[in-house]
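Structural overview
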Amino acid sequence: MEILKNCPVCGQTSFVLYAKCQDKLVSHDFFEVQKCNSCAFLFTNPRPSKDEIGPYYQSEEYFSHSTESKSLISKVYNKVRDINIRSKVNLVKNELKDVESILDYGCGVGLFLKQCKLDGLKVQGVEPSNEAREIASEYSISVIDPDELSTFLGQSFDAISLWHVLEHIHDLDEKFNELVNLLSPSGKMFIALPNPDSWDANHYGSDWAAFDVPRHLYHFTKPTFKKFIAKYGMKIVGIQPMKFDAFYVSLLSEENSIMKYPNAFLKGFISNLKAGSSMNYSSLIYILERQ
Ligand SMILES: [Zn+2]
């Protein structure tokens, strides 16, 4: 385990306990989410180091790397995922009319890039899992390990996407800096993150499934994300809701309830309703440009 002495966003050293959360997926251990007293950033601390985190991903239920799973949740999840992929591709094409190239960081088995490729884009994936990279290569998608990112130096991409990925990256500053350097001057980044300021997050508290400790190392809110990206000369130019996530995260958060399906439907519905004016949906897609 490693203990962060400095806030990953502002560098200050004073934190307070925000939530004590259990890893319900793999280890069943408890982890603290701490809040920076200076900038209010939420982060998992202490956390397994980069070398220790691997076993925490060893779960059949960890969908992002698995293509076939049999439970009802995963069937629904897969359907919704297909719809989500289409809407993500549409979002990128609407935001960047002349988009030619895209780099997807944390591309998993490459389903999003597969669709981008079918839509005529030049695609590049980045993914730490060997297994996932091998599956992606079956779709003839080029996928490299994150440690090979620097080999792209001097190249640029019109779009760079991280779909629920940024919160997993240990060497956050190094990798985000590399990605910003790979973005073309008028390019855009698309970053999806869970939102701990959402109604469902407040409702479930430390049981909110999207804390997903210890795999989620950071828990960005709109203000703390804005502060983080400003360090790299980036700004938010748009925010899109991910409405399905309210239902999915509620379902995972209701795991021990005998009424989990009706409860999750109700809570997801309320979360989306409450988010209407504040845009504090369960998950958000941030669209970024250079300042
Ligand atoms: Zn801070």
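Above: the structure in question.
Just so it is clear, the structure is predicted and the values come from calculations on it, not from any experiment. Numbers given to residues run from 1 along each chain, matching the order in which its sequence is written. For a predicted model such as this one, the threshold for reporting local features is a pLDDT of at least 70, and the threshold for listing and counting side-chain atom pairs is 80 or more; totals across whole chains, interfaces and linings nevertheless cover every residue. The basis for every side-chain value is the complete set of non-hydrogen atoms in the structure, without hydrogens or water.

Between N-to-C directions, angles span 0 to 180 degrees; the directions come from axes that are lines fitted to C-alpha atoms, helices contributing only their stretch in contact. Helix numbering and strand numbering both begin at the N terminus, where a helix is a DSSP run of H or I of at least 4 residues and a strand a DSSP run of E of at least 2. For the pair helix α1 (residues 72–95) and helix α2 (residues 111–118), the least separation of the axes is 10 Å and the interaxial angle reads 50°. The angle between α1 and α2 falls in the class oblique. The element α1 and its partner α2 pack so that their crossing is right-handed. Between α1 and α2, the contacting residues are Arg81, Ile85, Arg86, Lys88, Val89 and Val92 on the first element and Leu111, Phe112, Gln115 and Cys116 on the second. Three categories are distinguished: nonpolar for Ala, Val, Leu, Ile, Met, Phe, Trp, Tyr, Cys and Pro, charged for Asp, Glu, Lys and Arg, and polar for the others, with Gly belonging to the last. A per-class count over the contact of α1 with α2 returns 6 nonpolar, 1 polar and 3 charged. In these notes the angle categories are as follows: under 35 degrees is roughly parallel, over 145 is roughly antiparallel, 65 to 115 is roughly perpendicular, and the rest is oblique. For a crossing to be left-handed, the near helix must be turned anticlockwise from the far one by less than a right angle; the clockwise case is right-handed. By the convention used here, residues are in contact when the closest approach between their heavy atoms is within 4.5 Å.

Attention now moves to the packing of aromatic side chains. Stacked, tilted and edge-to-face are the three classes applied to pairs of Phe, Tyr and Trp rings, where Trp contributes its six-membered ring and a pair requires centres within 6.5 Å; stacked means planes under 30 degrees apart, edge-to-face means over 60, and tilted covers the rest. The final tally for this structure, using the stated rule, is 17 aromatic pairs. Between Phe41 and Phe43, the aromatic rings sit 5.8 Å apart at their centres with planes inclined by 15°, giving stacked as the arrangement. An angle of 55° between the planes, with centres 5.0 Å apart, marks the rings of Phe176 and Phe228 as tilted. Placement of the pair is Phe176 in helix α4 (residues 172–182) and Phe228 in helix α6 (residues 222–230), with a sequence separation of 52 residues. Summarising the burial analysis for this pair, Phe176 and Phe228 share the class buried. Taken together, the ring pairs connect Phe15, Phe41, Phe43, Phe176, Tyr218, Phe220, Phe225, Phe228, Tyr232 and Tyr286 into an aromatic cluster. Cation over ring: Lys114 sits above Tyr139, and NZ or CZ is 4.4 Å from the ring centre. Only protein chains enter the accessibility calculation, which uses a 1.4 Å probe; a residue whose area is less than 20% of its type maximum is buried, one above 50% is exposed, and one in between is partly exposed. Placement of a charge over a ring requires the Lys NZ or Arg CZ to be within 6 Å of the ring centre, with the centre-to-atom vector within 35 degrees of the ring normal.

So, about the sheet that holds strand β6 (residues 143–144). When DSSP finds two or more bridges between a pair of strands, those strands are recorded as paired. One open sheet accounts for 7 strands, arranged β6-β5-β4-β7-β8-β11-β10; its pairing is mixed. The sheet is open, and its two borders are formed by β6 and β10 (234–241), each paired with just one other strand. Taken together, the 6 bridges between strand β8 (residues 183–194) and strand β11 (residues 283–290) define a ladder with antiparallel strand orientation. Its bridge partner being in β11, Met189 is matched across the sheet by Leu288. Against the sheet, α1 contacts β4 (101–105), β7 (157–163), β8, β10 and β11, and its axis sits at roughly 150° relative to β8.

For the rest of this paragraph, the subject is the coordination of the zinc ion. Keep in mind that water is not among the atoms, so a site may look incomplete; donors are the N, O and S atoms within 2.8 Å of the metal, or 3.2 Å for Na, K and Ca. At the metal site, the zinc ion is ligated by Cys7 (SG), Cys10 (SG), Cys36 (SG) and Cys39 (SG), and these contacts range over 2.3 Å. For the zinc ion, the 4 donor atoms are set out with angles of 102 to 115° between them, so the coordination reads as tetrahedral. In primary-sequence terms, the residues that donate to the zinc ion follow C-x2-C-x25-C-x2-C. Of the two residues, Cys7 sits in the segment before β1 (15–22) while Cys39 sits in the loop between β2 (30–36) and β3 (42–44), which places them 32 residues apart along the sequence. Here Cys39 falls in the buried class, since its relative accessible area comes to 12%. Four donors are marked tetrahedral only if all angles between them lie between 85 and 135 degrees, whereas four are marked square planar and six octahedral if opposite donors are more than 155 degrees apart and the other angles lie between 65 and 115; the remainder are marked irregular.

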